[in-house]
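Working through the structure, step by step
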Amino acid sequence: MTENKINIFLRIRPTKKQLSNYEIVDDGQGLVIDIPKENQAVEVINNTKERHEFRFNKVFDREARQEEIFQDVALPAVTAALDGFNGTIFAYGQTGSGKTFTMTGGPEKYADRGIIPRTLSHIYNELRRRSDFSYQIHVSYLEIYNNNGYDLLDPSLEEQAKQLEDLPKVSLQEDEDGNIHLKNLSAHHAPSEEEALNLLFLGDTIRTTSETPMNLASSRSHCIFTLFITACKVGTDVIRKSKLHLVDLAGSERVYKTSAQGSLLKESKYINVSLHFLEMVIVALQERSQGKNQRHIPYRNSMMTSVLRDSLGGNCKTSMIATMNPEKAHIDESTSTCRFAQRVAMVSNVVKVNEEIDPQLVIKVRRIEGGRGSHREEKTKQRL
């Protein structure tokens, strides 16, 4: 086992509006935000301070391309997942800051593909190259809407044209060892990149989005696209089982800015509460890493933090990409996002390769060896 810090990255979305006063420093690993006192919003934490400095593994400015994001943020965790390590990549930021574009991509240009489709392409290319292993890939797609879980790949959504709310809710079950299992969440075999992409696009067409004053297609739910990878080296009875979570979190919202009402207001409340519970988990893990007497980590407060328990403080190689809207009107949310990222960077995971002996392979080998032994005995009797 090895200790592994969560990697944090920051992406600044393009805009044509008036920019806040920020600067990327330290060879792309630091960000400085200057907030003149006379312009400070009430929400800015510690608003007597004018200069805010933050550290990241890397800061991507407004011109960053999708391929660059994938190579730096996602590729190490994706490669590790093929080697038997659990991995998580999640996007965090205010609504309209570019999380879904970063994770899924844009529909118009092939070059605009996001982290998830690029991950699928890379994985299946690697499977063809790694001929000394046999792999099986299964896919699930979970939506957490108003703190209820739904299976975006439930077959009845297509076959019977059901509404998402009509489906059995995905529920959490915890075994004796503390492992979380998801009831009513299907896992689909994906033997090719094309089939995996079809599953991704199917789920994306069903997930909950709405038009808000800040985003024409705002994600109203947290979505977790998971790849379950099983690998067996040819000629051995050792198998590796890993999972790779690719997570698009719904964005935090200031209700007075979005003017949300009705169902939008209800969704905003659930989103903000679940993100608050995520922050509580991160703060508790940060305090534990600093040696404080923090025994209880409140994972059970929400479905999202329960599902991501391994990703936050567990057996997982995790990377977070924070997305920031650099417009002057959103400087308070941008500062808050960067502060959250600094807390995440303090969290350590303990990672290991997930290897086990495949009992079916052992039984198969013993049967073959037993058959050979019987055959030898029969030959000996015939000679006698």
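Attention here is on the structure that accompanies the text. Just so you know, these numbers come straight off a predicted model, no measurement behind them.

This brings us to the side chain of Arg-118. Considering the arrangement of structural elements, one finds Arg-118 in helix 3 (residues 115-129). Sequence-distant contacts of Arg-118, defined by excluding residues within four places in its chain, comprise Gln-66, Glu-67, Phe-70, Tyr-110, Ala-111 and Arg-113.

In this section: the nonpolar core. Counting 46 residues, the largest nonpolar core has Ile-89, Ile-123 and Phe-225 as the members making the most contacts within it. Those elements that provide at least two residues to this core are helix 1 (66-82), strand 7 (87-93), helix 3, strand 8 (133-145), helix 5 (193-206), strand 15 (222-233) and strand 16 (238-248). With 9 residues, the single largest contributor to this core is helix 1. For Ile-123, the residues in contact, after removing those within four places along its chain, are Val-78, Leu-82, Ile-137, Leu-227, Ile-229 and Leu-244. Core analysis: the next-biggest nonpolar cluster, separate from the first, contains 44 residues, Tyr-22, Ile-33, Leu-285 and Ile-297 among them.

Turning to the pairing of strand 11 (residues 180-183), a few remarks are in order. Sheet topology note: the strand 10 (residues 171-174)/strand 11 ladder contains 4 bridges and is antiparallel. Bridged to Glu-174 within strand 11 is Ile-180. Counted between consecutive antiparallel strands, the loop separating strand 10 from strand 11 contains 5 residues, among which Gly-178 sits at a positive phi close to 85 degrees.

Quick look at helix 1 now. One full turn of an α-helix is made of 3.6 residues, so residues set three or four places apart face in the same direction. The sharpest bend along helix 1 reaches about 55 degrees and sits at Ala-74, with the proline Pro-76 one to four residues further on. Taken together, the buried positions of helix 1 are occupied by Gln-66, Ile-69, Phe-70, Val-73, Ala-74, Leu-75, Ala-77, Val-78, Ala-80, Ala-81 and Leu-82. Just downstream of helix 1 lies Gly-84, where phi reads positive at about 105 degrees.

All right, on to the packing of helix 1 against helix 3 then. At a minimum axis distance of 10 Å, the contact between helix 1 and helix 3 shows a crossing angle of 50 degrees. Taken together, helix 1 and helix 3 sit at an angle that is classed as oblique. Helix 3 is crossed by helix 1, and the crossing has right-handed handedness. Here helix 1 contributes Gln-66, Glu-67, Ile-69, Phe-70, Val-73, Ala-74, Leu-75, Val-78, Thr-79 and Leu-82 to the contact with helix 3, which in turn contributes Ile-115, Arg-118, Thr-119, His-122, Ile-123, Glu-126 and Leu-127. When grouped by side-chain class, the residues that make up the contact of helix 1 with helix 3 number 10 nonpolar, 4 polar and 3 charged.

Quick look at the packing of aromatic side chains now. In the structure shown here, the tally under the stated rule is 4 aromatic pairs. Between Phe-133 and Tyr-135, the aromatic rings sit 5.9 Å apart at their centres with planes inclined by 40 degrees, giving tilted as the arrangement. The exposure class assigned to Tyr-135 is buried, which follows from its relative accessible area of 16%. The ring centre of Tyr-110 lies 3.9 Å from the NZ or CZ of Arg-113, which sits over that ring. Across the ring face of Phe-85, the terminal group of Lys-317 is positioned such that the distance to the ring centre comes to 4.5 Å.

Attention shifts here to the packing of helix 3 against helix 5. At a minimum axis separation of 9 Å, helix 3 and helix 5 run at an interaxial angle of 160 degrees. When the axes of helix 3 and helix 5 are compared, the pair comes out roughly antiparallel. When the axes of helix 3 and helix 5 are compared, the crossing they make is right-handed. Judged by residue contacts, Ile-116, Pro-117, Leu-120, Ser-121 and Tyr-124 of helix 3 engage Glu-193, Ala-196, Leu-197 and Leu-200 from helix 5. Taken together, the residues of the contact of helix 3 with helix 5 break down into 7 nonpolar, 1 polar and 1 charged.

If you trace the 3 strands from one edge of the open sheet to the other, you get 3-4-5, paired in antiparallel fashion. Single-partner strands in this sheet number two, and they are strand 3 (21-25) and strand 5 (51-55). Strand-to-strand twist of the sheet, defined as the mean angle between neighbouring strand axes without regard to direction, takes the value 20 degrees. Relative to strand 5, strand 4 (residues 30-34) runs antiparallel, the two sharing 5 bridges. Bridging across to strand 5, Ile-33 finds its partner in His-52. Those strands touched by helix 9 (residues 331-344) are strand 4 and strand 5, and its axis lies near 40 degrees from that of strand 5.

By the definition in use, this model includes 17 salt bridges. The partner of Asp-248 in a salt bridge is Arg-207, with the nearest N and O atoms 3.2 Å apart. Taken together, the residues Asp-248 in strand 16 and Arg-207 in the loop between helix 5 and strand 13 (209-212) connect sequence positions 41 residues apart. A salt bridge links Lys-243 to Asp-310; the nearest nitrogen and oxygen atoms lie 3.6 Å apart.

Analysis parameters
Residues numbered from 1 in each chain as written. Predicted model: local features only at pLDDT ≥ 70, side-chain atom pairs only at ≥ 80, totals over all residues. Heavy atoms only, no water. Helix = DSSP H or I, 4+ residues; strand = E, 2+ residues; numbered from the N terminus. Contact = heavy atoms within 4.5 Å. Core = buried A, V, L, I, M, F, W, Y, C linked by side-chain atoms within 4.5 Å. Buried < 20%, exposed > 50% of the residue type's maximum accessible area, 1.4 Å probe, protein only. Pairing = 2+ DSSP bridges. Bend = angle between axes of the 7 residues up to and from the residue. Axes fitted to C-alpha atoms, helices over the stretch in contact; angles between N-to-C directions. Parallel < 35°, antiparallel > 145°, perpendicular 65-115°, else oblique. Left-handed = near helix turned anticlockwise from the far one by under 90°. Nonpolar A, V, L, I, M, F, W, Y, C, P; charged D, E, K, R; others polar. Phe/Tyr/Trp six-rings, centres within 6.5 Å; stacked < 30°, edge-to-face > 60°. Lys NZ or Arg CZ within 6 Å of the ring centre and 35° of its normal. Salt bridge = Lys/Arg side-chain N within 4 Å of Asp/Glu carboxyl O.

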